[in-house]
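The primary structure of each chain is shown beneath.
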Amino acid sequence: MHNQQQNHNLQGSSQIPASVSHGGHEMFDAHEAISGLAGCLEQSLLYEQHIQDPELKAILQKQKTYLTQTYNTIVSVLQTGQEPNIKTQTYNMPESNNVLYGMKPTQPKVPVQSSSELNDQCISKFMMGNLKSSASIFTMSALEMTNPVMRRVFADSVPNIIEMAYEVFLYQNKHQYYQVPQLKEEDMQIYMNSFSHVQNTMPH
């Protein structure tokens, strides 16, 4: 009797239309990821008021436009389970890949004590934090999605969020908000040469 009941439940679950089928775990992950993305968009409204550098404002606005479309695409897939009308777009940053290496002395940092003290360094740090959070939750969500369209939208969005975070990093680095220390050359060589290739890569 127990087996018959179990089979009945399995058959019942298959009656859900394939176009809107989502697992429970998937729904929780998607809800968290979408809520986080909505938070990024809402916070950008606050950040924009405090930005002084037109370059940083342009980055924020471009990323906000892209993330808004991403949000709409994900919501569409969540509600229909089908291919969205607007597919995941590719985010291209205009920045070069030049990174400034080395450290320069700076004053010790303390958290600002009023909103009037918020500056471009603070804002770019907030932007980076939001992007890192979204990249992480999108990746974790995509790993266990049951709906193939939903999984692909989340997975395809991750490289674009990485590109946005890299764009913010390059901005921070250029303005010495994000300094990049290096190891001594001999130490770096030790790390670079600490692994070797596997010689036989042919299947048996």
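Scroll up for the structure.
Residues numbered from 1 in each chain as written. Predicted model: local features only at pLDDT ≥ 70, side-chain atom pairs only at ≥ 80, totals over all residues. Heavy atoms only, no water.

### Section: the overall build of the chain
- Each helix and strand counted, the chain has 6 helices and 0 strands in total.
- From first element to last, N terminus to C terminus, the chain shows the α and β order α-α-α-α-α-α.
- Counting every position in the chain, which comprises 204 residues, the buried fraction comes to 33%.
- Look at the contacts in the chain between residues 6 or more apart in sequence, and 81% of them connect residues 24 or more apart. (Helix = DSSP H or I, 4+ residues; strand = E, 2+ residues; numbered from the N terminus. Buried < 20%, exposed > 50% of the residue type's maximum accessible area, 1.4 Å probe, protein only. Contact = heavy atoms within 4.5 Å.)

### Regarding the side chain of N147
- Looking at where N147 falls in the secondary structure, it is placed in the loop between α4 (120-142) and α5 (148-174).
- Residue N147 is classed as buried on the basis of its relative accessible area of 1%.
- In terms of polar contacts, N147 uses its side chain to reach the backbone amide nitrogen of V149, at 3.0 Å. (Polar contact = N/O pair within 3.5 Å; in protein donor to acceptor, adjacent residues only side chain to side chain.)

### Here's the deal with the nonpolar core
- Ranked by size, the top nonpolar core spans 39 residues in total, and within it I74, M127, F138 and F154 carry the most contacts.
- The biggest single contributor to this core is α5, with 12 residues.
- Each residue touching F138, except ones within four places of it in the same chain, is listed here: A33, L37, T70, I74, F154, S157, V158 and I161. (Core = buried A, V, L, I, M, F, W, Y, C linked by side-chain atoms within 4.5 Å.)

### Points about the packing of aromatic side chains
- According to the stated counting rule, one finds 6 aromatic pairs in the structure shown.
- Taken together, a centroid distance of 4.9 Å and an interplanar angle of 85° make the contact between F169 and Y178 edge-to-face.
- A relative accessible area of 12% places F169 in the buried class.
- In this structure an aromatic cluster arises from ring pairing among Y166, F169 and Y178. (Phe/Tyr/Trp six-rings, centres within 6.5 Å; stacked < 30°, edge-to-face > 60°.)

### Side note on the environment of T68
- In this fold, T68 is placed in helix α3 (residues 54-80).
- As a C-alpha pair, T68 and A38 span 30 residues in sequence and 8.4 Å in three-dimensional space.

Interpretation note: all reported values are geometric properties and have no functional meaning in isolation.
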